[in-house]
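Residue strings, one per chain:
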Amino acid sequence: MLLPAVGRAQIEIPSLFEYVVAPEDLPDLESRTNYIMENFWSPMDFKNTQYVDQQALNHAFSVYAESMPYASWGKVKSSVQNLVNNLKGNPGLSYQFTRAAEESLYGPRADFWVDEIYLSFVNNMLADKKIAESKKERYRKQKALLQATEAGSKLPEIGYIPLSDTHVLKPEKGVTVIGFLTAENPDNDFVKLQLDINGTINDMLEDGQLALFLVYDKELDKEQLKDFKKGWNVGFAREREKKLDLRTDPSFYILDKDFKILKKNLAVDQVAEYLRSTDSTIKNTSKKR
């Protein structure tokens, strides 16, 4: 297995074991990835292994995780539960697998995020009393933020302060879209342009079916506030990182009429795609109220 190294030759790291390959006679992608979910870790001797090379494990876990989006959700959950069961009572591997899961399912380099699956590894690691508290601290914080912002939860209080004559952050009819931005991000102008030209977002704003808030990490000056379109609510909240799961910059949340979280950590195009897919439902629901 070769891993890229910036500015120098590739680094060769032995594979943890020979990766499982699905039989060719399985009829479709789901059945093949289900097979991988069921059998991927079978070559590993969990009982007699305390530690492994972390980079090799990260790679193995990334290969394992690649099949998750295509396998049945039931197979994914049962596979992960079996894996976690094999890790119980093994503090070294429990910690290492949590780090590998963080890399593939939670962190900035992950191809996709699966919070429920990631928390299975975090919970197992946090429950192991033989793992030092200093190693657990980051994961406790991650768990708290994930649980506070899971789908269906009300948005935590973040100490939002409106700027200019914009509205306070409160439930609105239809849906509320909140963009969390850092004031120093050089991409902010492009993000505002994306919002300005997006037909779905603008149509819903004009119809009163959507409220848009842009929440910065610090107060903006009067000159900066001139750049925002009428109808956009702008403010800041210095405590937001302590209360929210913000894994992208910007990070957009979508809330329902009761301020419960529908989606989080989206880009502008993902927000528009979600709104398009639910637009008729939102409008019909609003008409019934």
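No experiment lies behind these values; they were computed from the predicted model shown. (Residues numbered from 1 in each chain as written. Predicted model: local features only at pLDDT ≥ 70, side-chain atom pairs only at ≥ 80, totals over all residues. Heavy atoms only, no water.)

## Points about the confidence of the model for the protein chain
1) Next: For the protein chain, the mean per-residue pLDDT works out to 90, and 91% of the residues sit at or above 70.
2) Next: Confidence over residues 1-6 falls short of pLDDT 50; this stretch has 19 contacts with residues more than four positions distant or in other chains.
3) Next: A low-confidence stretch, residues 280-289 stays under pLDDT 50, and its non-local contacts, those more than four residues away or across chains, total ten contacts. (pLDDT = per-residue confidence, 0-100. Contact = heavy atoms within 4.5 Å.)

## Focus on the pattern of salt bridges
1) Next: This structure, assessed with the given rule, holds 17 salt bridges.
2) Next: Among the ionic pairs, lysine 141 bridges to glutamate 137, the shortest N-O distance being 3.7 Å. Taken as a pair, lysine 141 and glutamate 137 lie in helix 6 (residues 133-148) at a separation of four residues, close to a single helical turn.
3) Next: Of the residues examined, lysine 141 reaches a relative accessible area of 52% and is grouped as exposed.
4) Next: Residue glutamate 137 is classed as partly exposed on the basis of its relative accessible area of 46%.
5) Next: Put simply, aspartate 189 and lysine 192 hold a salt bridge, and the shortest N to O gap is 3.6 Å. Residue aspartate 189 and its partner lysine 192 are located together in helix 7 (residues 188-197), separated by three residues, close to a single helical turn.
6) Next: Several salt bridges share partner residues, and in doing so they unite Asp115, Asp245, Arg247 and Lys264 into one network. (Salt bridge = Lys/Arg side-chain N within 4 Å of Asp/Glu carboxyl O. Helix = DSSP H or I, 4+ residues; strand = E, 2+ residues; numbered from the N terminus. Buried < 20%, exposed > 50% of the residue type's maximum accessible area, 1.4 Å probe, protein only.)

## Regarding the nonpolar core
1) Next: If you look at the biggest cluster of nonpolar residues, it comprises 40 residues, and the most contacted ones within it are Trp41, Phe61, Tyr64, Met68, Phe97, Leu105 and Phe121.
2) Next: Listed by contribution, the elements that provide at least two residues to this core are helix 1 (29-39), helix 2 (54-66), helix 3 (73-87), helix 4 (91-106), helix 5 (115-127) and helix 6.
3) Next: Ignoring sequence-local partners within four residues, the contact set of leucine 105 consists of Phe61, Ala65, Met68, Ala110, Phe112, Trp113, Val114, Ile117, Tyr118 and Arg247.
4) Next: Counting 25 residues, the second-largest nonpolar core is a separate cluster that includes Ala183, Val234, Val271 and Tyr274. (Core = buried A, V, L, I, M, F, W, Y, C linked by side-chain atoms within 4.5 Å.)

## Some words on the side chain of serine 153
1) Next: Mapped onto the elements, serine 153 comes out in the loop between helix 6 and strand 3 (161-162).
2) Next: Ignoring sequence-local partners within four residues, the contact set of serine 153 consists of Gln147, Ala148, Phe259, Lys260 and Ile261.

## Quick word on the sheet that holds strand 7 (residues 251-255)
The strands that make up a sheet are held in pairs by hydrogen bonds between backbone atoms, and each pair lies either parallel or antiparallel.
1) Next: Across the sheet, which stays open at both edges, the six strands sit in the order 3-6-5-4-7-8 with mixed pairing between neighbours. Looking along the sheet, the strands with just one partner apiece sit at the ends: strand 3 and strand 8 (261-266).
2) Next: With two bridges joining them, strand 3 and strand 6 (residues 232-236) adopt antiparallel strand pairing. In the sheet register, proline 162 faces strand 6, and the bridge partner there is glycine 235. (Pairing = 2+ DSSP bridges.)

## Observations regarding the pairing of strand 7
1) Next: With five of five residues buried, strand 7 is to be regarded as a mostly interior element.
2) Next: Judged by which residues are buried, strand 7 turns out to be covered on both faces: Ser251, Tyr253 and Leu255 on one side and Phe252 and Ile254 on the other are all buried.
3) Next: Pairing analysis gives five bridges linking strand 4 (residues 175-181) to strand 7, with the strands arranged antiparallel. Directly across from threonine 176, in strand 7, lies its bridge partner leucine 255.
4) Next: In the sheet, strand 7 pairs with strand 8 via three bridges, with the strands oriented antiparallel. In the sheet register, phenylalanine 252 faces strand 8, and the bridge partner there is leucine 266.

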